[in-house]
Amino acid sequence: MPVGCRHIFLNHIYFSNNEYPFKRFICLISQKNIPMGFFNKIFNRDKKEKLDAGLQKTKEGVWGKISRAIAGKSKIDDDVLDELEESFITSDVGVDTTLKIIDKIRDRVARDKYVNTEELNSLLCEEITDLLAKPDNTTADSEDFTVKKDGVPYVIMVVGVNGVGKTTTIGKLAAQYKKAGNKVILGAADTFRAAAIEQLDIWGERVGVPVIKQKMGSDPAAVAFDTLNSAKAQGADVVIIDTAGRLHNKIGLMNELTKIKNVMKRVIPEAPQEILLVLDGSTGQNAFEQAKQFVAATEVNALAVTKLDGTAKGGVVIGISDQFKIPVKYIGIGEGIDDLQIFHPQEFVSSLFSLG
């Protein structure tokens, strides 16, 4: 047990202020002969299995390339580092983040004088975990979808381009929040597509939560205004507002997002507490460009990366989190409602680099 670990309970680990041993501990678990039963006492077994399955294509792509890079090597040298650099870039981690990782590994090799290839996996796990942005205090409890019931609805404004899985993500979030005992209301503020309103309506019926809507072409800000007023009147705990997913480089759309935010603040001054940007992980570098545009236009403070189960480009999660310093809060690893998982950096990285 690394120094710094104090107590282990069923679903939580308590550490001293030094978080480094925790990263080391999680990484080592995935590689050493520690029974998986022990790991599953720390993290929910079903969720861990789904995470491993959902990341399989990315794992095969990333770790397969790394394995080939170090094959036949007895130590980490410049040739290995060059191969690693190429492996990460082609896995859509991104150039800047890749160079940052390689520099950290190079510094460690120089400091420790001799690092063999067996230690490389652990080093990568530690350094990548360290790069991932940590959640801030503006988001709801990321452990079990509970929110503070203080009479103020927790408002999530969801943004993103069409086709990334935005409406599906909203439906799954609604299901998870409701399952956790919260009263949830949805707002159909994407009024530019009749299909968007209909899709949200279907999700509302499926999950069993009300959807506040108006006819197609209505003012989106007016829908948001009505939704928040209804939420206050009904004592809702969570409000999730859908927004239009037109091209992200349209100035009119970005001005519209600002208008929606300002109107919501008239009803609930704290709203929106969360602006969630949904990105399609399978689009790789396109997701970087979308993130860049939305972050420049509105105050995004949380990310959801979808469709990771169908792609080998899951490295984009690492790059986007590092480059924009915005925490990834949710990842989509399947079609089921429960396949939208809360993102835990240590679990993600250990799954990605596990040898099993």
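Residues numbered from 1 in each chain as written. Predicted model: local features only at pLDDT ≥ 70, side-chain atom pairs only at ≥ 80, totals over all residues. Heavy atoms only, no water.

**Q** Requested: an account of the nonpolar core, with residues and values cited.
**A** Among the nonpolar cores identified, the biggest contains 99 residues, and Y177, I240 and F353 are the most heavily contacted of them. In contact with F353, other than residues within four places in its own chain, are V62, W63, I66, F88, N121, L124 and I128. (Core = buried A, V, L, I, M, F, W, Y, C linked by side-chain atoms within 4.5 Å. Buried < 20%, exposed > 50% of the residue type's maximum accessible area, 1.4 Å probe, protein only. Contact = heavy atoms within 4.5 Å.)

**Q** Can you explain the pairing of strand β7 (residues 274–280)? Please cite residues and give values.
**A** With respect to burial, β7 is a largely interior element, seven of its seven residues being buried. Side-chain alternation along β7 places E274, L276, V278 and D280 on one buried face and I275, L277 and L279 on a second face that is also buried. When β7 meets strand β8 (residues 302–306), the two strands line up parallel, connected through five bridges. From the neighbouring strand, D280 faces β8, where its bridge partner is T306. With respect to chirality, the unit in which β7 leads through helix α12 (residues 285–297) into the neighbouring parallel β8 is right-handed. (Helix = DSSP H or I, 4+ residues; strand = E, 2+ residues; numbered from the N terminus. Pairing = 2+ DSSP bridges. Right-handed = clockwise from strand over helix to strand, strands pointing away.)

**Q** Account for the packing of aromatic side chains, naming residues and giving values.
**A** We describe a pair of aromatic rings using the distance from one ring centre to the other and the angle between the two ring planes. What the rule picks out here adds up to three aromatic pairs. Plain terms: the ring middles of F145 and Y330 are 5.9 Å apart, the flat faces sit at 10° to each other, and that makes the pair stacked. With F145 in the loop between α7 (117–131) and β3 (154–159) and Y330 in strand β9 (residues 328–332), this residue pair connects regions lying 185 residues apart in the sequence. Residue classification places F145 among the buried residues on the basis of a relative accessible area of 6%. For Y330, a relative accessible area of 1% puts it in the buried group. Grouping aromatic residues by their ring pairs yields a cluster made of F145, Y177 and Y330. (Phe/Tyr/Trp six-rings, centres within 6.5 Å; stacked < 30°, edge-to-face > 60°.)

**Q** Please set out the confidence of the model for the protein residue by residue, giving values where relevant.
**A** Detailed reading of the predicted coordinates is not advisable wherever pLDDT is low. Of the residues in the protein, 82% have a pLDDT of 70 or more, and the chain-wide mean is 81. Confidence scores differ between elements of the protein, with strand β1 (residues 5–8) showing the lowest mean pLDDT of 34 and strand β5 (residues 211–212) the highest of 98. In this model, residues 1–26 is a region of pLDDT below 50 whose contacts with residues beyond four sequence positions or in other chains number 42 contacts. The model gives residues 137–142 a pLDDT under 50, and that stretch makes 18 contacts with residues more than four places away or in other chains. (pLDDT = per-residue confidence, 0-100.)

**Q** Describe the pattern of salt bridges, with residues and values.
**A** Applying the stated rule across the entire model yields 14 salt bridges. The shortest N-O distance in the salt bridge between D339 and K50 comes to 3.7 Å. Of the two residues, D339 sits in the loop between β9 and β10 (340–342) while K50 sits in helix α3 (residues 45–54), which places them 289 residues apart along the sequence. Here K149 ties to D237 by a salt bridge, and the two come within 3.2 Å at their closest N and O atoms. Note that K149 is positioned in the loop between α7 and β3 and D237 in the loop between α10 (220–234) and β6 (238–242), a separation of 88 residues in sequence. (Salt bridge = Lys/Arg side-chain N within 4 Å of Asp/Glu carboxyl O.)

**Q** Summarise a negative patch on the surface; cite the residues concerned and give the values.
**A** Taken together, the side chains of D78, D82, E83 and E86 define an acidic patch exposed on the protein surface. Following the sequence through the fold, D78 ends up in helix α5 (residues 78–90). Note on D78: relative accessible area 52%, which makes it exposed. (Patch = residues over 30% accessible without salt bridge, like charges linked within 9 Å, V, L, I, M, F, W, Y side chains within 5 Å. Areas by Shrake-Rupley, 256 points an atom, 1.4 Å probe, with all protein chains shown as cover. Lys, Arg positive; Asp, Glu negative; His and termini not counted. Charge placed at Lys NZ, Arg CZ, Asp CG, Glu CD.)

**Q** Outline a nonpolar patch on the surface, supporting the account with residue identities and numerical values.
**A** Where nonpolar side chains cluster on the molecular surface, the patch consists of I89, V95 and L99 and spans about 210 Å² of accessible area. Among the structural elements, I89 can be located in helix α5. Residue I89 is classed as partly exposed on the basis of its relative accessible area, which comes to 32%.

**Q** Before we move on, could you go through the side chain of D92 and cite the residues and values that matter?
**A** Checked against the element boundaries, D92 lands in the loop between α5 and α6 (95–112). K313 provides the closest opposite charge to the buried, salt-bridge-free D92, at an N-O distance of 4.4 Å. If we skip the residues at most four places from it in the chain, D92 touches G284, Q285, F288, K313, G315 and V316.

**Q** Got a sec to walk through the packing of α3 against helix α14 (residues 345–353)? Specific residues and values, please.
**A** Axis separation between α3 and α14 bottoms out at 9 Å; the angle between their running directions is 50°. Comparing their axes, α14 and α3 come out oblique. Taken as a pair, α3 and α14 cross one another with a handedness that is right-handed. Between α3, through K48, L51 and D52, and α14, the contact on the second element is made entirely by E347, F348 and S351. A class-by-class count of the residues in the contact of α3 with α14 yields two nonpolar, one polar and three charged. (Axes fitted to C-alpha atoms, helices over the stretch in contact; angles between N-to-C directions. Parallel < 35°, antiparallel > 145°, perpendicular 65-115°, else oblique. Left-handed = near helix turned anticlockwise from the far one by under 90°. Nonpolar A, V, L, I, M, F, W, Y, C, P; charged D, E, K, R; others polar.)

**Q** I'd like a rundown of α14, residues and numbers included.
**A** Along α14, nine of the nine residues are buried, which leaves the element largely enclosed by surrounding structure. Listed in full, the buried residues belonging to α14 are P345, Q346, E347, F348, V349, S350, S351, L352 and F353.

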